[in-house]
Amino acid sequence: MIEVLEDRPDDPVEQELVAFIEAVSEDEQVDLVTLTWLGRGDGTLADWDDLRAEAARVHNKRTASYLLGEPLLADYLEEALAAFGRSCEEFEKDHL
């Protein structure tokens, strides 16, 4: 069971997430970072434009690494979706 918690360079889930993040547009990467910050509590929906402007300002080629370095990334994204009145289940149904 401990193997599940190990950080391995050949982790297929991590490889898939990195591939997904790197494949989306720069605007979408900025949105992912903004959603992460929103869900982390760095602002509210009213602050979206300012948060997004800051995410665009600091954007670089390490978005996937940055996002995957957030241990609570899934929770932050779930919180951000909730702020928009959406859920992960609704998002998945609409986009997959």
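About the thresholds
Every chain begins its residue count from 1, and numbering advances along the sequence as written. Since the coordinates come from a predicted model, pLDDT governs what is reported: local features require at least 70, and pairs of side-chain atoms require 80 or more to be given and counted, while whole-chain, interface and lining totals use all residues. The basis for every side-chain value is the complete set of non-hydrogen atoms in the structure, without hydrogens or water. Geometry is summarised by axes, namely lines fitted to C-alpha atoms with helices restricted to the contacting stretch, and by angles between N-to-C directions that run from 0 to 180 degrees. Helix numbering and strand numbering both begin at the N terminus, where a helix is a DSSP run of H or I of at least 4 residues and a strand a DSSP run of E of at least 2. These descriptions rest on fixed angle ranges, namely under 35 degrees for roughly parallel, over 145 for roughly antiparallel, 65 to 115 for roughly perpendicular, and the rest for oblique. By definition in these notes, contact holds between two residues if any of their heavy atoms fall within 4.5 Å. Only Asp, Glu, Lys and Arg are considered charged, only Ala, Val, Leu, Ile, Met, Phe, Trp, Tyr, Cys and Pro nonpolar, and every remaining residue, Gly among them, polar. Crossing handedness is read from the near helix: turned anticlockwise from the far helix by less than a right angle, it gives a left-handed crossing, and turned clockwise, a right-handed one. Think of a nonpolar core as a cluster: buried Ala, Val, Leu, Ile, Met, Phe, Trp, Tyr and Cys residues, connected wherever their side-chain atoms sit within 4.5 Å. Exposure classes here rest on a 1.4 Å probe applied to the protein chains alone. A residue is buried below 20% of its type maximum, exposed above 50%, and partly exposed in between. Pairing of aromatic rings covers Phe, Tyr and the six-membered ring of Trp, with a centre-to-centre limit of 6.5 Å; geometry is then stacked below 30 degrees between planes, edge-to-face above 60, and tilted otherwise.

A.B. asks: Pulling in residues and values, what's your account of the packing of helix α2 (residues 26-40) against helix α5 (residues 73-83)?
C.D. replies: The geometry of α2 relative to α5 is characterised by a closest axis approach of 7 Å and an angle of 85 degrees between their N-to-C directions. Accordingly, the angle class assigned to the pair α2 and α5 is roughly perpendicular. For the pair α2 and α5, the contacting residues are Leu 32, Leu 35, Thr 36, Leu 38, Gly 39 and Arg 40 in the first and Leu 73, Tyr 76, Leu 77, Glu 79, Ala 80 and Ala 83 in the second. Residue composition of the contact of α2 with α5, grouped by class: 8 nonpolar, 2 polar and 2 charged.

A.B. asks: How would you summarise the packing of α2 against helix α3 (residues 48-58) if you had to cite specific residues and measurements?
C.D. replies: Between α2 and α3, the least distance of the axes is 9 Å, while the angle of their chain directions is 125 degrees. As summarised for this structure, α2 and α3 are arranged oblique, according to the angle between their axes. In the crossing of α2 with α3, the sense of the turn from one axis to the other is right-handed. Residue-level contacts link Asp 27, Val 30, Asp 31, Val 33, Thr 34, Leu 35, Trp 37 and Leu 38 of α2 to Trp 48, Leu 51, Arg 52, Glu 54, Ala 55, Ala 56 and Val 58 of α3. Residues that form the contact of α2 with α3 fall into these classes: 10 nonpolar, 1 polar and 4 charged.

A.B. asks: Describe in detail the nonpolar core, supporting the description with residues and values.
C.D. replies: In summary, soluble globular proteins display a tendency toward joint burial of nonpolar side chains. With 13 residues, the main nonpolar core has Val 33, Trp 37, Leu 38, Ala 55 and Leu 67 as its most contacted residues. Taken together, the elements giving at least two residues each to this core come down to α2, α3, α4 (63-68) and α5. Per element, the largest residue contribution to this core is 5 residues, and it comes from α2. Residue contacts for Leu 38: discarding those within four places in its chain leaves Gly 43, Thr 44, Leu 45, Trp 48, Leu 51, Ala 80, Ala 83 and Phe 84.

A.B. asks: Please set out the packing of aromatic side chains residue by residue, giving values where relevant.
C.D. replies: Per the counting criterion, the structure on display carries 1 aromatic pair. Ring geometry for Trp 48 and Phe 84: centres 5.6 Å apart, planes at 80 degrees, overall edge-to-face. One end of the pair, Trp 48, is in helix α3; the other, Phe 84, is in the loop between α5 and α6 (88-95), with 36 residues separating them in the sequence. When its relative accessible area of 17% is taken as the criterion, Trp 48 is described as buried. Overall, Phe 84 belongs to the partly exposed group, its relative accessible area being 43%.

Function cannot be inferred from these measures alone, as they are strictly geometric.
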